[in-house]
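Geometric and topological summary
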Amino acid sequence: STRLDAGIEGIVADAPAASAADEARRTVDDAMLEELEELLITADMGVETATRVTANIGDALHGRRLTTREIKEALAREVGRIMEPVARPLPIYPKKPQVVLVVGVNGSGKTTTIGKLASQFKAAGKQVVVAAGDTFRAAAVEQLQVWGERAGVPVLTAPEGSDPASLAFDAMTRAEEIGADLLLIDTAGRLQNRQDLMEELAKIVRVIRKKDPSAPHNTLLVLDATTGQNAVMQVDIFRKIADVSGLVMTKLDGTARGGVLVALADKFGLPIHAIGLGEQIDDLAPFDPQEFARALCG
Ligand code: GDP
């Protein structure tokens, strides 16, 4: 993933200097727009989004001679416009328990995100129950138990290899018994066998609906922002196997500047409920589109 700020500085540096005293500027013309489009593609925005963003900048500013700062601002405006509609916190329903199914490939940050969400909702006065639905990975279950302890919420588990749907059913029963506000259900993320995963998730949903036809109320897809354009493919796949209602983007604290978020917002329009900014329990933040746009464009 290319840094946009350095790339834009490069685009302006390509222009012949008018005079030594003059601030470097670059005329917005076809050649400049082509370079910009190329830069956005290498920054993980995807071809379609890069083309659209560049065309909008061309429409608005064609023929103008812009400084680096002005180009960054124009770009940040376009990015902000795309991101604004998808920035929405997880909707909270009066329904008890609100059932949140958490899906995503292994390693994307599901377990960590569930721990962080549990902690946040508990701090907000909600009673939270977590279910360790990835019953095939003992390590995932243990990891979730650690997070449950940190967050101070109960984690329901089942023996290794047992049916995740029956665990989900038990978790619904338990959450109802104790009057929990929120039930967060972790799931397996083995994309190697898509058919199995699809059937497993479908069964979990079927069983949950026996208890509550309106559940699951949210299906959160957790995506690792450092995987770049790969995240686009994951949304495509998970939308086919689950009724994804929103996204959490993790690992935005790293070197990845998150250009792929723009591609995702533009292509799918799914709400981004939160972003992961580290491995600690408090490292989950609401998604702020303007702050994101400024950080991305430099
Ligand atoms: P799962 O397999 O999807 O449940 O993924 P995990 O929750 O186990 O996370 C995989 C790795 O990513 C772990 O090492 C986490 O500490 C790390 N991780 C998760 N979220 C973030 C984040 O927002 N930032 C960073 N830097 N690391 C994260």
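Residues numbered from 1 in each chain as written. Predicted model: local features only at pLDDT ≥ 70, side-chain atom pairs only at ≥ 80, totals over all residues. Heavy atoms only, no water.

We now examine the overall build of the protein chain. When helices and strands are counted, the protein chain shows eleven helices and ten strands. A total of 298 residues make up the protein chain; the buried ones form 52% of that total. Summarising the internal contacts of the protein chain: among those between residues at least 6 apart in sequence, 78% fall at separations of at least 24. When the accessible surface of the protein chain is totalled, it reaches about 13300 Å², and 49% of it is carbon and sulfur. Put simply, the protein chain has 33 plus and 42 minus side-chain charges, and the middle of one group is 5 Å from the middle of the other. (Helix = DSSP H or I, 4+ residues; strand = E, 2+ residues; numbered from the N terminus. Buried < 20%, exposed > 50% of the residue type's maximum accessible area, 1.4 Å probe, protein only. Contact = heavy atoms within 4.5 Å. Areas by Shrake-Rupley, 256 points an atom, 1.4 Å probe, with all protein chains shown as cover. Lys, Arg positive; Asp, Glu negative; His and termini not counted. Charge placed at Lys NZ, Arg CZ, Asp CG, Glu CD.)

To continue, consider the sheet that holds strand 3 (residues 98-103). Spatial ordering of the open sheet is given by 5-4-6-3-7-8-9-10, a layout of eight strands whose pairing is mixed. The open sheet has two edge strands with one neighbour each: strand 5 (155-156) and strand 10 (284-285). Two elements, strand 4 (residues 128-131) and strand 6 (residues 182-186), share four bridges in a ladder whose sense is parallel. Paired with Val130 across the strands is Leu184, a residue of strand 6. Each of strand 3 and strand 6 is contacted by helix 8 (residues 194-211), which is oriented at about 175° to strand 3, the strand it contacts most. (Pairing = 2+ DSSP bridges. Axes fitted to C-alpha atoms, helices over the stretch in contact; angles between N-to-C directions.)

Right, let's talk about the environment of Leu66 for a bit. Mapped onto the secondary structure, Leu66 falls in strand 2 (residues 65-66). The exposure class of Leu66 is buried, given its relative accessible area of 3%. Along the backbone, Leu66 and Lys211 are 145 residues apart, and their C-alpha atoms lie at a distance of 60 Å. Ignoring any residue separated from it by four or fewer positions in sequence, one finds Leu66 in contact with Ala24, Arg25, Arg26, Val28, Leu61 and Ile71.

Turning our eyes to something else, we now look at helix 1 (residues 4-13). Residues of helix 1 that are buried: Leu4, Asp5, Gly7, Ile8, Ile11 and Val12. Buried residues of helix 1, seen end-on, are gathered within an arc of 160° and therefore sit on one face of the element. Buried positions along helix 1 lie against strand 1 (26-27), helix 2 (30-42), helix 4 (68-83) and helix 11 (289-297). (Arc of directions from axis to C-beta.)

Here we come to the site of the ligand. Close contacts around the ligand come from 17 residues, with Gly107, Thr111, Thr112, Asp253 and Glu279 the closest. One of the backbone N or O atoms of Ser108 is found 3.3 Å from an oxygen atom in the ligand. Contact distances for the ligand include 3.4 Å between an oxygen atom and a backbone N or O atom of Leu277. When the free accessible area of the ligand is taken as 580 Å², the share hidden by the protein chains comes to 78%. Ranked by the residues each element gives to the shell around the ligand, the list is headed by helix 5 (residues 110-123), at four residues. Across the shell around the ligand, the residue classes break down as two nonpolar, nine polar and six charged. (Near = heavy atom within 4 Å. Polar contact = N/O pair within 3.5 Å; in protein donor to acceptor, adjacent residues only side chain to side chain. Nonpolar A, V, L, I, M, F, W, Y, C, P; charged D, E, K, R; others polar.)

Counting residues in each nonpolar core, the largest one holds 77 residues, and the members touching the most others are Met83, Met249, Leu261 and Leu264. Among the nonpolar cores identified, the runner-up in size contains 24 residues, and Val222, Val248, Ile281 and Leu284 belong to it. (Core = buried A, V, L, I, M, F, W, Y, C linked by side-chain atoms within 4.5 Å.)

With respect to the element layout, Lys72 can be found in helix 4. The buried category is assigned to Lys72, whose relative accessible area is 7%. Ignoring any residue separated from it by four or fewer positions in sequence, one finds Lys72 in contact with Asp5, Ile8, Glu9, Cys297 and Gly298.

What follows covers the pairing of strand 6. Summarising burial for strand 6: five of the five residues are buried, a large majority. By the bridge criterion, five bridges tie strand 3 to strand 6 in an arrangement that is parallel. By the bridge assignment for strand 6, Val102 is matched with Asp186.

As a packed pair, helix 2 and helix 3 (residues 47-61) sit with axes 9 Å apart at the nearest point and diverge in direction by 145°. With respect to the hand of their crossing, helix 2 and helix 3 are arranged in right-handed fashion. Counted together, Leu33, Leu36, Glu37, Leu40 and Ile41 of helix 2 and Val47, Ala50, Thr51, Val53, Thr54, Ile57 and Gly58 of helix 3 form the full contact between these two elements. When grouped by side-chain class, the residues that make up the contact of helix 2 with helix 3 number eight nonpolar, three polar and one charged. (Left-handed = near helix turned anticlockwise from the far one by under 90°.)

Right, let's get into the confidence of the model for the protein chain. Residue-level pLDDT values for the protein chain average 93, and 96% of them are 70 or greater. Predicted complex, confidence summary: ipTM 0.99, pTM 0.95. (pLDDT = per-residue confidence, 0-100.)

Here the focus is the packing of aromatic side chains. Scanning the entire structure with this criterion turns up one aromatic pair. Geometrically, the ring pair formed by Phe287 and Phe292 is tilted, given 5.3 Å between the ring centres and 55° between the ring planes. With a relative accessible area of 9%, Phe292 lands in the buried category. Directly above the aromatic system of Phe136 lies the positively charged group of Arg190, at a separation of 4.9 Å from the ring centroid. Its guanidinium or amino end placed over the ring of Phe169, Lys211 lies 4.8 Å from that ring's centre, counting from NZ or CZ. (Phe/Tyr/Trp six-rings, centres within 6.5 Å; stacked < 30°, edge-to-face > 60°. Lys NZ or Arg CZ within 6 Å of the ring centre and 35° of its normal.)

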